[in-house]
Structures are given as C-alpha cells and as structure tokens.
Amino acid sequence: MSQMRIEKDSLGQRELPADVLYGINTVRALENFPLTGRTIATLPGFVAAMAMVKEAAARANREIGALSTDRAEAIIKACREIHAGKHDAHLVVDVLEGSGGTSCNMNVNEVVANLAARLAGKPAGDYAFVHPNEHVNLGQSTNDVVPTAMKLAVFRVLEGASLALMGLADGFSEKKKEHAETLRLGRTCLQDAVPMLLGQTFGGYQAVIQRHAKHLEDLCRRLLTVPLGGTAVGTGLNSRPGYKQAVFRHLSVLVGHEVKPTADAFDGMQNLDTCARLSAELRNSANSLWKIANDLIVLSSGPGGGGIGEIALPAVQVGSSIMPGKVNPVIPMAVCQAAFAICGNDAAIAMACQQGLLEINHYELLIADRLIDSITLLQRSATIFLERCVRSLTANEERSWQNLLASSALATALVPELGYAPVASTVRAALDEHRPFLDVAVERGLLRREDVRSAMRRAAVEPPGASG
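Residues numbered from 1 in each chain as written. Predicted model: local features only at pLDDT ≥ 70, side-chain atom pairs only at ≥ 80, totals over all residues. Heavy atoms only, no water.

Concerning the side chain of Thr 426
In step 1: Tracing the chain through its elements places Thr 426 in helix 15 (residues 420-432).
In step 2: Looking at Thr 426, the relative accessible area reads 0%, which means it is buried.
In step 3: Setting aside anything within four residues of it in sequence, one finds Thr 426 in contact with Phe 437, Val 440, Ala 441, Arg 444 and Leu 446. (Helix = DSSP H or I, 4+ residues; strand = E, 2+ residues; numbered from the N terminus. Buried < 20%, exposed > 50% of the residue type's maximum accessible area, 1.4 Å probe, protein only. Contact = heavy atoms within 4.5 Å.)

Thoughts on the nonpolar core
In step 1: Counting 112 residues, the largest nonpolar core has Phe 46 and Phe 385 as the members making the most contacts within it.
In step 2: With 16 residues, the single largest contributor to this core is helix 6 (residues 142-178).
In step 3: Excluding residues within four positions of it along the chain, Phe 46 makes contact with Ile 40, Cys 104, Val 146, Ala 149, Met 150, Ala 153 and Leu 365.
In step 4: Grouped together as the second largest cluster of nonpolar side chains are 23 residues, Leu 185, Ala 430, Val 452 and Ala 460 included. (Core = buried A, V, L, I, M, F, W, Y, C linked by side-chain atoms within 4.5 Å.)

Comments concerning the UniProt feature "domain: Fumarate lyase N-terminal" (unreviewed entry) in the chain
In step 1: As annotated by UniProt and renumbered to match this structure, "domain: Fumarate lyase N-terminal" (unreviewed entry) occupies residues 12-344.
In step 2: Helix makes up 56% of residues 12-344 and strand 8%. Its end C-alpha atoms lie 40 Å apart. (UniProt positions renumbered as here; feature names shortened; annotations may be inferred.)

Some thoughts on helix 14 (residues 410-418)
In step 1: Every buried residue belonging to helix 14 is among Leu 410, Ala 411 and Leu 414, and all of these are buried. Looking straight down helix 14, one finds its buried side chains confined to an arc of 85°; they lie on one side.
In step 2: Those residues of helix 14 that are buried are in contact with helix 15, helix 16 (437-443) and helix 17 (452-461).
In step 3: Positive phi shows up at Gly 419, right after helix 14, with a value of about 95°. (Arc of directions from axis to C-beta.)

Re the packing of helix 14 against helix 15
In step 1: At a minimum axis distance of 7 Å, the contact between helix 14 and helix 15 shows a crossing angle of 145°. In the crossing of helix 14 with helix 15, the sense of the turn from one axis to the other is right-handed. Judged by residue contacts, Ala 411, Leu 414, Val 415 and Leu 418 of helix 14 engage Tyr 420, Pro 422, Val 423 and Val 427 from helix 15.
In step 2: In the contact of helix 14 with helix 15, the residues fall into eight nonpolar, no polar and no charged. (Axes fitted to C-alpha atoms, helices over the stretch in contact; angles between N-to-C directions. Left-handed = near helix turned anticlockwise from the far one by under 90°. Nonpolar A, V, L, I, M, F, W, Y, C, P; charged D, E, K, R; others polar.)

Here we look at the side chain of Asn 109
In step 1: Tracing the backbone through its elements, the reader meets Asn 109 in helix 4 (residues 102-119).
In step 2: Apart from the residues within four sequence positions on either side, Asn 109 is in contact with Lys 54, Pro 132, Val 136 and Asn 137.

Here we look at the packing of aromatic side chains
In step 1: Per the counting criterion, the structure on display carries five aromatic pairs.
In step 2: With a centroid separation of 5.3 Å and an interplanar angle of 70°, the aromatic rings of Phe 172 and Tyr 205 are classed as edge-to-face. A residue pair is termed long-range when its members are at least 10 positions apart, and Phe 172 in helix 6 and Tyr 205 in helix 7 (residues 198-222) qualify at 33 residues.
In step 3: Since its relative accessible area comes to 0%, Phe 172 is described here as buried.
In step 4: Using a relative accessible area of 6% as the deciding quantity, one classes Tyr 205 as buried.
In step 5: Here the aromatic rings of Phe 202 and Tyr 205 are separated by 6.3 Å at their centres, their planes lie at 65°, and the arrangement is edge-to-face. In this pair, Phe 202 and Tyr 205 are both assigned in helix 7, three residues apart and thus about one turn of the helix distant. The same class applies to Phe 202 as to Tyr 205, namely buried.
In step 6: The structure contains a cluster of three or more aromatic residues connected by ring pairs, namely Phe 172, Phe 202, Tyr 205 and Phe 385.
In step 7: In this structure, Arg 453 packs its charged tip against the face of Trp 401, placed 3.8 Å from the ring centre. (Phe/Tyr/Trp six-rings, centres within 6.5 Å; stacked < 30°, edge-to-face > 60°. Lys NZ or Arg CZ within 6 Å of the ring centre and 35° of its normal.)

Considering helix 8 (residues 243-255)
Spacing of three or four residues puts side chains on the same side of an α-helix, whose turn is 3.6 residues.
In step 1: With 13 residues, helix 8 should reach 18 Å at 1.5 Å per residue; the first-to-last C-alpha distance of 18 Å fits that figure.
In step 2: Where helix 8 is buried, its residues touch helix 2 (46-63), helix 6, strand 5 (225-226) and strand 6 (260-261).
In step 3: Remark: Gly 256 follows helix 8 within two positions and exhibits a positive phi of approximately 85°. (Expected span 1.5 Å × (residues − 1).)

Digging into the pattern of salt bridges
Opposite charge on two side chains lets them pair, provided their charged atoms get close.
In step 1: Summed over all chains, the structure comprises 27 salt bridges.
In step 2: The partner of Glu 73 in a salt bridge is Arg 62, and the shortest N-O contact between them spans 2.3 Å. Taken together, the residues Glu 73 in helix 3 (residues 69-83) and Arg 62 in helix 2 connect sequence positions eleven residues apart.
In step 3: In this structure Arg 62 comes out as partly exposed when scored by relative accessible area, which is 24%. (Salt bridge = Lys/Arg side-chain N within 4 Å of Asp/Glu carboxyl O.)

With respect to the domain arrangement of the chain
How large an interface is tends to be reported as the accessible area lost when its parts come together.
In step 1: The domain architecture assigned to the chain consists of domain 1 (4-138), domain 2 (145-230 + 263-396) and domain 3 (408-460).
In step 2: On the domain 2 side, the residues contacting the 16 residues of domain 1 number 16 residues.
In step 3: Summed over both sides, the interface between domain 1 and domain 2 buries roughly 1400 Å², with carbon and sulfur atoms accounting for 78% of that surface.
In step 4: For the domain 1 face of the interface with domain 2, the top three residues by lost area are Pro 44, Phe 46 and Val 53, together amounting to 34%.
In step 5: Applying the counting rule to domain 1 against domain 2 returns one salt bridge.
In step 6: Taken together, the links from domain 1 to domain 2 amount to one residue pair in polar contact (both at pLDDT 80 or more).
In step 7: Of all the elements in the fold, those that place two or more residues in the side of domain 1 that touches domain 2 are helix 2 and helix 4.
In step 8: Among the elements that take part in the side of domain 1 that touches domain 2, helix 2 stands out by supplying five residues, more than any other. (Domains from an automatic or database assignment. Buried area = accessible area lost by both parts, 1.4 Å probe. Polar contact = N/O pair within 3.5 Å; in protein donor to acceptor, adjacent residues only side chain to side chain.)

Written out as structure tokens, the structure reads:
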C-alpha cells in the first residue's frame, strides 16, 4: 500500500497519496467533477499558458519586491518544467470542472508549490517555503488568470488553423490554373444554367477560403488583449503597485508577442465576446468547407450510373464491404462531419459566453475546450482536404463537354442576339421533344454546330448582358 499524506483546508481534511504533486483543492475537484474524463493537461497549450502566466507573475512580484528571490526562482523553475509537459500526470482536474476555473488554477498552484518544496528538499504537502495561494497565486485571482491563459492557448493553436486554410486555398489556386480552359456546365438550384470554366469554380473556392483565413488572422491578434492584473473583478485588489505593468512586460517576453491589458479592466473580466466572435468565424469557415465538400461530392457523383461525374476524387480507400469496386467520397464527407461538430461547439460557446454573471464569466474552461476543439477540427479537416483530396482530384473533360452539349446552357448566351422569346421557345421545344437544345437550335438556324465551342467559351469568359 502506498504511503499517504493528509492536507487540510477550511472545509476539513483529505487523505491523498504522499507522492502526488497536487493538493487538497485538486482532490476535492476530482470528487466533485467526474465529467468528461479528460484533464486540463489534454487541452493543447492551456497548461503551458497557465505556466507562463505563473512564471510572469513570479518574475513581476520579485521585481517589485513582493516575492523573495529564492521563492521566485523556485516558482520559475517549476513553471518551466510544467511548460515542458513534465508533470501533466499531476494536472488532473476535469476540463469541465464546475468551479469557475478555481479548481484548475489551484491544481496548477499546488503542483508549482510542491515542485518548489521538492527543490527545497521538503516533502509534497509542505508549503512552508512556497505556498499555493500566498506565493504562487500572489497578485492573481482565478478570475484573471484562467481567461488570460485560455486566450493565450487559443492564440497559439489558431495560428495553425489559419496556415492550414491558406494551404488549402493555395491548393485550389493550383487547380484553378490547371483547369483554366476546361468548360463545364454551371448549375443553379441543381438545374442546368450557363457555361463556365472549371477553373472559375476552383477560383471561387480559393477566394472564400482565403477570406476566412484573413478573418481568423485578424481575430487571432485580439486574443493578445487579456484581463490579467484585474484579480477578482477588475480592481486589481491584492496586487502590489507596479505589478500589472511588470507582469505584462514579462508575459510578453515569454509569449513572444506583445500581450496587452484590456482597455477597461471591468469589461475584460466580464465579457468574452471576442471568443464568441472567433467561434462564429470558425463556424463560418467550417460551413464554407462543408459547402465545397458537398460540391465535390455532387460533381464526382456516379460516376457511371447517371451521376454528374465531371471530376474524379482520389480513391483513398475501399468504399463498401459488399459492393465490389465501390469508392466513396470519404474525405469530403469527413470534412462535412468536422463542420457539424464545429457548429455544435459554436452553440455551446455562444451559450457559455452569454451566461456570464455580474463581474465575471464562470465558464471559461468550457469555452477554451470547445474553441480548441473547433480550431483543431478546422485545421485537420483543411489539411486532409488538401492532402488527401484536392491535390489529386482530376477532371473528366469529355464528360463535362458532353453534359454541356446536352444542356440548354447556350440559351442564355443567345438571348442578347436573338431575343428572349425565340430562345425560350427553342428551350421548350427541346424539353418537349426530349432532344438536346443544341440539336434544336441548329435545326432552327440559331447556331452553327462548328461555332459551339467558341460560343460556349465566350459565354463563360465574357458573359453578355447582366448576370442577374
């Protein structure tokens, strides 16, 4: 049987293994919040961000004389080890702990304090040298530390999502160039519409993805404005003079970017609209990928049984356990599923951001968890979309041409020259007779067959008249 130790707080005492680096606050959280089975250490970058905040606070407090050099050095060393991921096994609070972040903050404080005790040759639970509240948490509150760490963690992972979107946009840019001359049938409401180029289709995808990447980059910078220094409600109560300026200076060095305090400390403590805005843009980005993925599913449909079949997606795996040779559009479908999950996350984040009460929001950990999940899903889905689908998709140019010839796509292009009524009459005749529009138009002398391709191209590249 392993050795045990006893720790006490204002509610009583608890027994815990002698060698664990967390303390009684964490034990109570383990008892109270067995929810997801995922710990704060599983949130990418969050624990590292907490460690940076604690280190910056220790450096600031040492600078202003609020913390002795030996204690500060011990805290800094402990924070460096936590940042490196060496003690994740002791950061065990559930990601959805219900204490408004207090359990998470105290889990980190206790691990830092017990690491400092170890450095001083003392056993875990001996807080005489470095105390979780009095020294590690000096000048801080859960209410300013947790939202600060949340934003810094989200900032770090968001950079990767923007890069992944730009990579996908570049992939569509290459397809735009590759198919700059490939004619296809444009469709509206899933009905035949007008001639266009496959390169134009890919160019539209490129443009919307680039726009989302730019929006995410803009929002990313806003995450570097944080409420640190506000302590409990924004007043800065229990921090020493000079602390706030010093902590932001040290934190900026550790993060590698300038981190700024909110212009109004009380606004910064209460409101998480930046997170809600970011979540909405993640949802918008995912919805655009969802739409593009659906387009590729439709354009590759068939390929031989009556589907469109104008593009072929790479065959990345067998599509059926019963139908030999069947290959499904699994990558676009995976992109769609990621988008569904991101939309669900956005709903949870919107509710959590709205449910702040009075001076703080109590739900930052849910927001952090769902934001990081959405960002990760967006990054990964954009990456596999590019690498496993877009780069290797091909066009069936002959199928595209035959679909175009069989449609009434030329009709709109002929209207300015021939008038709406004669062209509409020809379209109706082709439909009634179940014949291609082109055959009827040639019979009626509206068009010469040898001029079809050039007419199609003019309609696609230089469409006459208004687009509406």
